[in-house]
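Report on the structure
In case you want the letters, here they are:
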Amino acid sequence: QVWQDSGFPAERLTESVNKSHDLFEIYPLLCYPCKIIDNGGMVRSPENHGKEFKDTQSKTYLNLGIYGTPKGIRQSTDFKTLHSIREWESFVRSVGGFQH
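The shown structure was predicted, so the numbers you read here are calculated from the model rather than taken from an experiment.

Some words on helix α3 (residues 81-94)
- With 14 residues, α3 should reach 20 Å at 1.5 Å per residue; the first-to-last C-alpha distance of 20 Å fits that figure.
- Taken residue by residue, α3 has S84, I85, W88, E89, F91 and V92 as its buried positions. In a view along the axis of α3, the buried residues occupy a sector of 160°, so they form one face of it. Away from its buried face, by an angle of more than 90 degrees, α3 presents the exposed residues L82, H83, R93 and S94.
- The inward-facing, buried residues of α3 abut β1 (2-9), α1 (13-23), β3 (57-68) and β4 (98-99).
- Two residues or fewer after α3 comes G96, characterised by a positive phi angle close to 85°.

Next up, the structure:
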């Protein structure tokens, strides 16, 4: 089973859905908008990482929920669950996203 909740910049939707398909082939996906408010805390806009906080900013992110059994497991192939999840997490970080 895979249970992933990831937030990422809205402009990365197509790339994120394609990556999810390549890794898991789980459908349907849950996708909804969320507003990320950068107050200089733990969740920062990607362009502000490592910079001094100056002013509150907000950006539209999307949350993508991937829940279910990957196609590789459903078809009884040699599916590497942990490897695929780590690759997904790395991808999410690379596009300025985060795990929920």
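Picking up after the structure, the text goes on.
Focus on the sheet that holds β4
- Read across the open sheet, the 4 strands follow the order β2-β3-β1-β4; overall the sheet is antiparallel. In this open sheet, the two strands that pair with only one neighbour each are β2 (30-38) and β4.
- The sheet strands contacting α1 are β1, β2 and β3, and the helix crosses β3 at an angle near 20°.
- Its contacts with the sheet place α3 against β1, β3 and β4, and it is angled at close to 15° to β1.

Points about the nonpolar core
- V2, F24, I66 and W88 are the most contacted members of the largest nonpolar core, which totals 14 residues.
- Among the elements of the structure, β1, β3 and α3 are those that each provide at least two residues to this core.
- Take this core: its biggest share by element is 4 residues, from α3.

With respect to unusual backbone geometry
- In this model, Y27 is joined to P28 through a cis peptide bond whose omega is 0°.
- By the element assignment, P28 lies in the loop between α1 and β2.
- At E25, a residue that is not glycine, the phi angle is positive and equals roughly 50°.
- Here E25 lies in the loop between α1 and β2.
- For E25, a relative accessible area of 28% corresponds to the partly exposed category.

A look at α1
- Within α1, the full set of buried residues consists of S16, S20 and L23. Down the axis of α1, the buried side of the element spans an arc of 75°, and every buried residue falls inside it. In α1, the exposed positions angled more than 90 degrees off the buried face are occupied by T14 and D22.
- Contact partners of the buried residues in α1: β1, β3 and α3.
- Immediately downstream of α1, the backbone of E25 shows phi near 50°, a positive value.

Parameters at a glance
- Residues numbered from 1 in each chain as written.
- Predicted model: local features only at pLDDT ≥ 70, side-chain atom pairs only at ≥ 80, totals over all residues.
- Heavy atoms only, no water.
- Helix = DSSP H or I, 4+ residues; strand = E, 2+ residues; numbered from the N terminus.
- Expected span 1.5 Å × (residues − 1).
- Buried < 20%, exposed > 50% of the residue type's maximum accessible area, 1.4 Å probe, protein only.
- Arc of directions from axis to C-beta.
- Contact = heavy atoms within 4.5 Å.
- Pairing = 2+ DSSP bridges.
- Axes fitted to C-alpha atoms, helices over the stretch in contact; angles between N-to-C directions.
- Core = buried A, V, L, I, M, F, W, Y, C linked by side-chain atoms within 4.5 Å.

Any link to function would need more than the numbers given here.
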